[in-house]
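Structural overview for review
Each chain, letter by letter, is given below.
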Amino acid sequence: MTNRLTDVNPIDIITHIEQNFNRTQATGLNCLIFLSLREQTTVAYQRKEWGFEDIPEQIVSWCDSLEECGLIQLAEEITAGLLDEIIAAAVEPTNAQIIAMQEIEAKVNTPLLSDY
């Protein structure tokens, strides 16, 4: 979906964030987006007010060119990306050990429940 007025594609913003932002920057941009929606201001205003200088102005202006619905969808995509990253880190084994297959030894005289 491309923004009619400025031809900014939210997918391009997401791609840029995924390729160039660390977790802190992505979280910061998301905070600025939500603050701008809550306070009914621009993302640029919130960036200036909170001093998030690590968020590039170009990305901020792209965000501000989106309509409210597009901005919410962008925030949703950023959040999903952050959650995916957190889940992947939680599931990833911290100590990679090779698990060797072990033979199961058959027990010939296994007692039955009726033997008790």
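Residues numbered from 1 in each chain as written. Predicted model: local features only at pLDDT ≥ 70, side-chain atom pairs only at ≥ 80, totals over all residues. Heavy atoms only, no water.

Here we come to the packing of helix α1 (residues 10-20) against helix α5 (residues 68-91). Between α1 and α5, the shortest axis-to-axis distance is 10 Å and the interhelical angle comes to 30°. Taken together, the axes of α1 and α5 are roughly parallel relative to one another. Crossing angle aside, the handedness with which α1 passes α5 is right-handed. Taken together, the residues of α5 that come into contact with α1 (itself represented by Pro10, Ile13, Ile14 and Ile17) are Leu74, Glu77 and Ile78. Along the lines of polarity and charge, the residues of the contact of α1 with α5 split into six nonpolar, no polar and one charged. (Axes fitted to C-alpha atoms, helices over the stretch in contact; angles between N-to-C directions. Helix = DSSP H or I, 4+ residues; strand = E, 2+ residues; numbered from the N terminus. Parallel < 35°, antiparallel > 145°, perpendicular 65-115°, else oblique. Left-handed = near helix turned anticlockwise from the far one by under 90°. Contact = heavy atoms within 4.5 Å. Nonpolar A, V, L, I, M, F, W, Y, C, P; charged D, E, K, R; others polar.)

This next bit is on a nonpolar patch on the surface. Taken together, the side chains of Leu83, Ile86, Ile87 and Val91 make up a nonpolar region of the molecular surface, amounting to roughly 390 Å² of accessible area. Residue placement: isoleucine 87 occurs in helix α5. (Patch = residues over 30% accessible without salt bridge, like charges linked within 9 Å, V, L, I, M, F, W, Y side chains within 5 Å. Areas by Shrake-Rupley, 256 points an atom, 1.4 Å probe, with all protein chains shown as cover. Salt bridge = Lys/Arg side-chain N within 4 Å of Asp/Glu carboxyl O.)

These figures come from the coordinates and say nothing about function on their own.
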